[in-house]
Amino acid sequence: MEQQYSPARFHNKYPKNKTFKESIIGRENRKILVNRGFHSEFILNPEGDFVSSWNVLKMENGRVDSNPAHYSFHFDLRKELLDGESFNYASKNNRLHKLLDSSPSKKLDHQVRQQAKKGWISASITEYFHRHPNISPMILGLLLFLAFHFFVLFCHRQRKRTMNKKVR
């Protein structure tokens, strides 16, 4: 089974009145993708425990209690509700993934999660990738260097194939 770590920008939400740096850096959740014809995202907190709304939702007579008045919306509860796992049948992060993953949650979330979302945001792409402590400038520079050289090599090979086809 294929699995990989992936950026977890949408699984590291924080209060709007705080910064990403003060709320998340050093305490980032990690996302593990498991992909075998479908898309499953498991989220791990810094201690290696699963982040899931099921960790904090209350059960009553075998049903989820979705009455927001029965919950205290503290930091840890919101982290579990907002940053948890995701399962859908898209095969990659594309339009279908968005349609199956993020779009339904905007419309179909239960009242507890809707209440938890109020005043919380995800980091911008710039904020997440440029301030991420696990990507030092040296490593980022090395990755950019390697990407550039792979690109040049790819272009060179494509050009060579095109030239060989013209010669034949």
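Here, the structure is the one placed above.
Residues numbered from 1 in each chain as written. Predicted model: local features only at pLDDT ≥ 70, side-chain atom pairs only at ≥ 80, totals over all residues. Heavy atoms only, no water.

Caption draft 1: Representation of the overall build of the chain. Tallying secondary structure elements over the chain gives 7 helices and 8 strands in all. Per-residue burial for the chain yields a buried fraction of 31% across its 168 residues. Long-range pairs, those at least 24 residues apart, make up 65% of the contacts in the chain with a sequence separation of at least 6. In the structure as shown, the chain presents an accessible area of about 12100 Å², 57% of it carried by carbon and sulfur atoms. (Helix = DSSP H or I, 4+ residues; strand = E, 2+ residues; numbered from the N terminus. Buried < 20%, exposed > 50% of the residue type's maximum accessible area, 1.4 Å probe, protein only. Contact = heavy atoms within 4.5 Å. Areas by Shrake-Rupley, 256 points an atom, 1.4 Å probe, with all protein chains shown as cover.)

Caption draft 2: Representation of unusual backbone geometry in the model. In the Ramachandran plot, N61 falls in the positive-phi region, its phi being about 55° despite a non-glycine side chain. Mapped onto the elements of the fold, N61 is located in the loop between strand 5 (59-60) and strand 6 (63-64). For N61, a relative accessible area of 78% translates into the label exposed.

Caption draft 3: View of the side chain of R9. Along the polypeptide, R9 turns up in the loop between strand 1 (3-6) and strand 2 (14-15). A polar contact is formed between the side chain of R9 and the backbone oxygen of A123, at a distance of 2.7 Å. In this view, R9 contacts S122, A123, S124, I125 and Y128; residues no more than four positions away in its chain are not counted. (Polar contact = N/O pair within 3.5 Å; in protein donor to acceptor, adjacent residues only side chain to side chain.)

Caption draft 4: Geometry of the packing of aromatic side chains. A complete count under the given rule lists 4 aromatic pairs for this structure. A ring pair is formed by F75 and W120, whose centres lie 5.3 Å apart and whose planes are at 45°; its orientation type is tilted. Pair noted here: F75 is in helix 2 (residues 75-83) and W120 is in strand 8 (residues 120-121), with a separation of 45 residues, a long-range link. Across the ring face of Y71, the terminal group of K58 is positioned such that the distance to the ring centre comes to 5.0 Å. (Phe/Tyr/Trp six-rings, centres within 6.5 Å; stacked < 30°, edge-to-face > 60°. Lys NZ or Arg CZ within 6 Å of the ring centre and 35° of its normal.)

Caption draft 5: Representation of the nonpolar core in the model. Residues L57, Y71, L77, L81, L82, V112, A116 and W120 constitute the largest nonpolar core, which totals 8 residues. Of all the secondary-structure elements, those providing two or more residues to this core are helix 2 and helix 5 (111-117). Looking at which element gives the most residues to this core, the answer is helix 2, with 3 residues. The contact partners of A116, leaving out residues within four places of it in the chain, are F73, R78, L81 and L82. With 7 residues, the next largest nonpolar core counts Y14, F20, I24 and Y128 among its residues. (Core = buried A, V, L, I, M, F, W, Y, C linked by side-chain atoms within 4.5 Å.)

Caption draft 6: Geometry of the pattern of salt bridges. Using the criterion set out here, one finds 4 salt bridges in the structure. Between K79 and D83 there is a salt bridge, with its nearest N and O atoms 2.6 Å apart. Of this pair, K79 and D83 are both found in helix 2, 4 residues apart, which corresponds to roughly one turn of the helix. Neither residue differs from the other here; K79 and D83 are each classed as buried. Counted as one network, the salt bridges with shared partners bring together D109, R113 and K117. (Salt bridge = Lys/Arg side-chain N within 4 Å of Asp/Glu carboxyl O.)

Caption draft 7: Broad picture of the side chain of S23. Mapped onto the secondary structure, S23 falls in helix 1 (residues 20-23). Excluding residues within four positions of it along the chain, S23 makes contact with Y14, P15, K18 and F75.

Caption draft 8: Structural detail: helix 2. Among the 9 residues in helix 2, 7 count as buried, and that is most of the element. Turning to helix 2, its buried residues number three or more, namely L77, R78, K79, E80, L81, L82 and D83.

Caption draft 9: Main features of a positive patch on the surface. Together, R157, K160, R161 and K165 make up a region of like positive charge exposed at the surface. Within the secondary structure, R157 sits in helix 7 (residues 137-167). (Patch = residues over 30% accessible without salt bridge, like charges linked within 9 Å, V, L, I, M, F, W, Y side chains within 5 Å. Lys, Arg positive; Asp, Glu negative; His and termini not counted. Charge placed at Lys NZ, Arg CZ, Asp CG, Glu CD.)

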